[in-house]
Amino acid sequence: MARATSPRRKTLTTIAAWSVALIIFFPVLWMILTSFKTEASAVASPPELLGADWTLENYADVWSRSDYPRFFWNSVVISLGSTLLGLAIAIPAAWAMAFVPGRRTKDLLMWMLSTKMMPAVAVMIPLYLLFLQLGLIDTRIGLVLALMLMNLPIIVWMLYTYFKEIPGEILEAARMDGAGLIKEILYVLTPIALPGIASTLLLNVILAWNEAFWTIVLTTTKAAPLSAFIASFSAPQGLFYAKLSAASTMAIAPILILGWFSQKQLVRGLTFGAVK
Amino acid sequence: MSTQSSRLAARVMVAPSVVLLFIWMAVPLAMTLYYSFRLYRLLSPDRTGWVGFTNYLWFFNSPDFWLALWNTLALVGGVLVITVVLGILIALLIDQPVKGQGMLRILVIAPFFVMPPVAASIWENLFMHPQNGLFAAIARGFGAQPILFLEEYPLLSVIGIVSWEWLPFAALILLTSLQSLSSEQLEAAEMDGASALSRLRYIILPHMTRAITVVILIQTIFLLGIFGEIFTTTQGGPGSASTTLPYMIFKQAIAAKDIGRAAAGGIIAVILANIVAYFLMRGIGRHLDA
């Protein structure tokens, strides 16, 4: 709803909007700035900004003292793996729900979403024991499975809302031309639904990347992703502000950049199709 | 095309998701239910047996439980109120014709991409720390005593941190909804002499109802299980001042090593989540299914 306004009002609202946005962003900015200061400068009082001692040493230090590339790679494998596996399972389900809805489809969707309401802590011990029995503790495949199941309801929901907007006539036309079910999904539905699938993928990669409960409970060292890395980092070194900030920045930077590039699709996907 | 066979195909395609989710939910839940009626302490593994509702009664008789229940609801409710109200205000502000709207969105969405342990540690160390935090420095600059956020206002501090994490989500979804509102309608109302406040009350807010319900539903799902932020900052303390139900269960399992009690707490948490879910789904189901 763009409306004509006076230039003076535009200046005022611009100033107000930018102030609010900067306040919201400030903690992230402050963390990034702190990560480039020396430890002494990071805790100086009053806080130093222009006169601070700038350095790259914190990054070098975190890099040399921890196995960042391994944590990073684990995060990539786990978040991407769980999302792709989730998509492979959810696409047929969402297709069926959107195009062959039964009487129970709505209840089924609600039930799926309600499984996400079960607090993770409540089932922590049994799941830990199950994973231990199955030899999945501290393995990437174990975390891929856990995070896939954790996000599956969200994936099904998002895909469902996208698929529902595709006119059924297109599919019927394909069927008339003799396309089988698999071909119909692969060559007709998937290309049309690609933007929806892409934003589902993005959101779930971000959710999996930032997941910090199961990743900590179910890993020790080998399969630990960045969220576990940062949890272990902040425990013993809580007072090293600059190094903690550098490690934190390294943990969130990949997803922050990915998120910024894709924020339009993300927000659209997050509304579950209920907000146009 | 025969409906019969396509229905069958549809069932086959839905089945993997349903079966997997059912196993993911039912097996741990059944195990939790089993343990909740058992004596099972990791520190005395030899003593086991059925104990009936003893584990449940321990919770109901513990004053900490009622505090934790209250804290859980206060955390969820507090964050919902803050993010929805501020989210509406921010959406209204950004929706105005301002310079650099794209950049504004990028700044506002940033907290959503920050993982909970990092968000909690930024706030705990860089801002709320009574010695080295920025808030303390500001307070000293005004000649005031630094506020002991995590010691004196632990629950409020956690609510603040979690609200910061979820504000972008609320603001951007509400903004999306606002941008689909036709400007003609608003201009017509303005010409008819409707004040800004009554335009908000009778046109803008009703238009956003659906977006607000989506925000509430999605956030509640995630907020009911809030754990990492408390673990990183207050550890549920001081005392039990910021212990929520999930955190109380965690303490029973990890600190007290009492699996039976933790399991009973888990079942109570699941029941609580179901009560909340029931009311939410009833109020919201029709909005979601477009």
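Residues numbered from 1 in each chain as written. Chains lettered and ligands numbered in written order. Predicted model: local features only at pLDDT ≥ 70, side-chain atom pairs only at ≥ 80, totals over all residues.

## A few points about the overall build of chain B
Thinking step 1. A count of helices and strands for chain B gives 13 helices and 2 strands.
Thinking step 2. The C-alpha atoms of chain B give 24 Å as radius of gyration, which overshoots the globular expectation for 290 residues (19 Å, by more than 25%).
Thinking step 3. Each of the three principal axes of chain B carries a C-alpha extent, and together these read 80 × 80 × 30 Å.
Thinking step 4. Sorting the 290 residues of chain B into buried and exposed places 44% on the buried side. (Helix = DSSP H or I, 4+ residues; strand = E, 2+ residues; numbered from the N terminus. Rg over C-alpha atoms; globule rule 2.2 N^0.38 Å. Buried ≥ 20, exposed ≤ 12 C-beta atoms within 10 Å, placed from the backbone.)

## Examining the overall build of chain A
Thinking step 1. Of regular secondary structure, chain A possesses 13 helices and 0 strands.
Thinking step 2. Going from the N terminus to the C terminus, chain A shows its helices and strands as α-α-α-α-α-α-α-α-α-α-α-α-α.
Thinking step 3. Principal-axis analysis of the C-alpha atoms places the extent of chain A at approximately 70 × 70 × 30 Å.
Thinking step 4. In chain A, which comprises 276 residues, the share counted as buried stands at 47%.
Thinking step 5. Expressed as a percentage of contacts within chain A between residues at least 6 apart in sequence, the contacts between residues at least 24 apart total 77%. (Contact = placed C-beta atoms within 7 Å.)

## Digging into the interface of chain B and chain A
Thinking step 1. With 94 residues of chain B at the contact, the number on the chain A side is 86 residues.
Thinking step 2. No other element matches the 18 residues that helix α1 (residues 3-36) of chain B contributes to the side of chain B that touches chain A.
Thinking step 3. Here the residues of the side of chain B that touches chain A sort into 66 nonpolar, 20 polar and 8 charged. (Nonpolar A, V, L, I, M, F, W, Y, C, P; charged D, E, K, R; others polar.)

## Describing the packing of helix α7 (residues 140-164) of chain A against helix α9 (residues 181-210) of chain A
Residue and element names in this part refer to chain A.
Thinking step 1. The N-to-C vectors of α7 and α9 enclose an angle of 155°; their axes lie 10 Å apart at closest approach. Classified by the angle between their axes, α7 and α9 sit roughly antiparallel to one another. In this structure, the crossing between α7 and α9 has a hand that is right-handed. The residues of α9 that touch α7, namely those facing Leu 147, Asn 151, Ile 154, Ile 155, Met 158, Leu 159, Tyr 162 and Phe 163, are Ala 193, Gly 196, Ile 197, Thr 200, Asn 204, Leu 207 and Ala 208.
Thinking step 2. When its residues are assigned to classes, the contact of α7 with α9 shows 11 nonpolar, 4 polar and no charged. (Axes fitted to C-alpha atoms, helices over the stretch in contact; angles between N-to-C directions. Parallel < 35°, antiparallel > 145°, perpendicular 65-115°, else oblique. Left-handed = near helix turned anticlockwise from the far one by under 90°.)

## Remarks on the nonpolar core
Thinking step 1. Within the largest apolar cluster, 167 residues are counted, with the highest numbers of intra-cluster contacts made by Ala 94, Val 156 and Leu 159 of chain A together with Ile 173 and Leu 174 of chain B.
Thinking step 2. The element contributing the most residues to this core is α7 of chain A, with 18 residues.
Thinking step 3. In this structure, this core is formed jointly by two domains, domain 1 (7-60) and domain 2 (67-270) of chain A, each of which donates at least three residues.
Thinking step 4. Residues within four places of Leu 174 of chain B in sequence aside, it is in contact with Gly 87, Ile 88, Ala 91, Met 208, Ala 211 and Val 215 of chain B. (Core = buried A, V, L, I, M, F, W, Y, C linked by C-beta atoms within 7 Å. Domains from an automatic or database assignment.)

## A few points about the environment of Ala 242 of chain A
All names here are of chain A.
Thinking step 1. Tracing the chain through its elements places Ala 242 in helix α12 (residues 241-261).
Thinking step 2. For the pair Ala 242 and Thr 55, spaced 187 residues apart in sequence, the C-alpha to C-alpha distance is 9.8 Å.
Thinking step 3. Beyond its immediate chain neighbours, meaning those up to four positions away, Ala 242 contacts Thr 34, Ser 35, Lys 37, Thr 38, Glu 39, Ala 42 and Asn 58.

## What to know about the confidence of the model for chain B
All names here are of chain B.
Thinking step 1. Across chain B, the average pLDDT comes to 86, with 97% of residues at or above 70.
Thinking step 2. Confidence, expressed as mean pLDDT per element, reaches its minimum in chain B at helix α13 (residues 259-288) with 81 and its maximum at helix α3 (residues 63-95) with 93.
Thinking step 3. Interface scoring of the predicted complex returns ipTM 0.87; its pTM is 0.89. (pLDDT = per-residue confidence, 0-100.)

## Observations concerning the domain arrangement of chain A
Quite often, the size of an interface is put as the accessible area lost when its parts meet.
Residues and elements named next belong to chain A.
Thinking step 1. Each domain of chain A was delimited in the assignment, giving domain 1 (7-60) and domain 2 (67-270).
Thinking step 2. The distance between the C-alpha centroids of domain 1 and domain 2 comes to 32 Å.
Thinking step 3. Contact with domain 1, which involves 11 residues of that partner, is made by 8 residues of domain 2.
Thinking step 4. Elements with a contribution of two residues or more to the side of domain 1 that touches domain 2: α1 (7-35), α2 (39-42) and α3 (57-65).
Thinking step 5. It is α1 that provides the largest number of residues to the side of domain 1 that touches domain 2, a total of 4 residues.
Thinking step 6. Of the residues belonging to the side of domain 1 that touches domain 2, the class tally is 5 nonpolar, 4 polar and 2 charged.

## What about unusual backbone geometry?
Thinking step 1. Even without a glycine there, the phi angle at Asp 138 of chain A is positive, about 60°.
Thinking step 2. Counting through the fold element by element, Asp 138 of chain A comes out in the loop between α6 (124-133) and α7.

## Considering the environment of Leu 280 of chain B
Thinking step 1. Within the fold, Leu 280 of chain B resides in helix α13.
Thinking step 2. Spatially, the C-alpha atom of Leu 280 of chain B lies 6.7 Å from that of Leu 217 of chain B, the residues being 63 residues apart in sequence.

## Comments concerning the environment of Gly 81 of chain A
All names here are of chain A.
Thinking step 1. Position of Gly 81 relative to the elements: it lies in helix α4 (residues 68-99).
Thinking step 2. The class for Gly 81 is partly exposed, based on 19 C-beta atoms found within 10 Å.
Thinking step 3. Residues Gly 81 and Arg 140 lie 59 residues apart in sequence; the distance between their C-alpha atoms is 9.2 Å.

## Notes on α6 of chain A
Thinking step 1. Of the residues making up α6 of chain A, those classed as buried are Met 124, Ile 125, Pro 126, Leu 127 and Phe 131 of chain A.
Thinking step 2. Two residues or fewer after α6 of chain A comes Gly 135 of chain A, characterised by a positive phi angle close to 70°.

## Here we look at the confidence of the model for chain A
Thinking step 1. For chain A, mean pLDDT is 84; residues scoring 70 or higher make up 93% of the total.
Thinking step 2. Considering each helix and strand of chain A separately, the mean pLDDT is smallest for helix α13 (residues 263-270) of chain A, with a value of 74, and largest for α4 of chain A, with 92.

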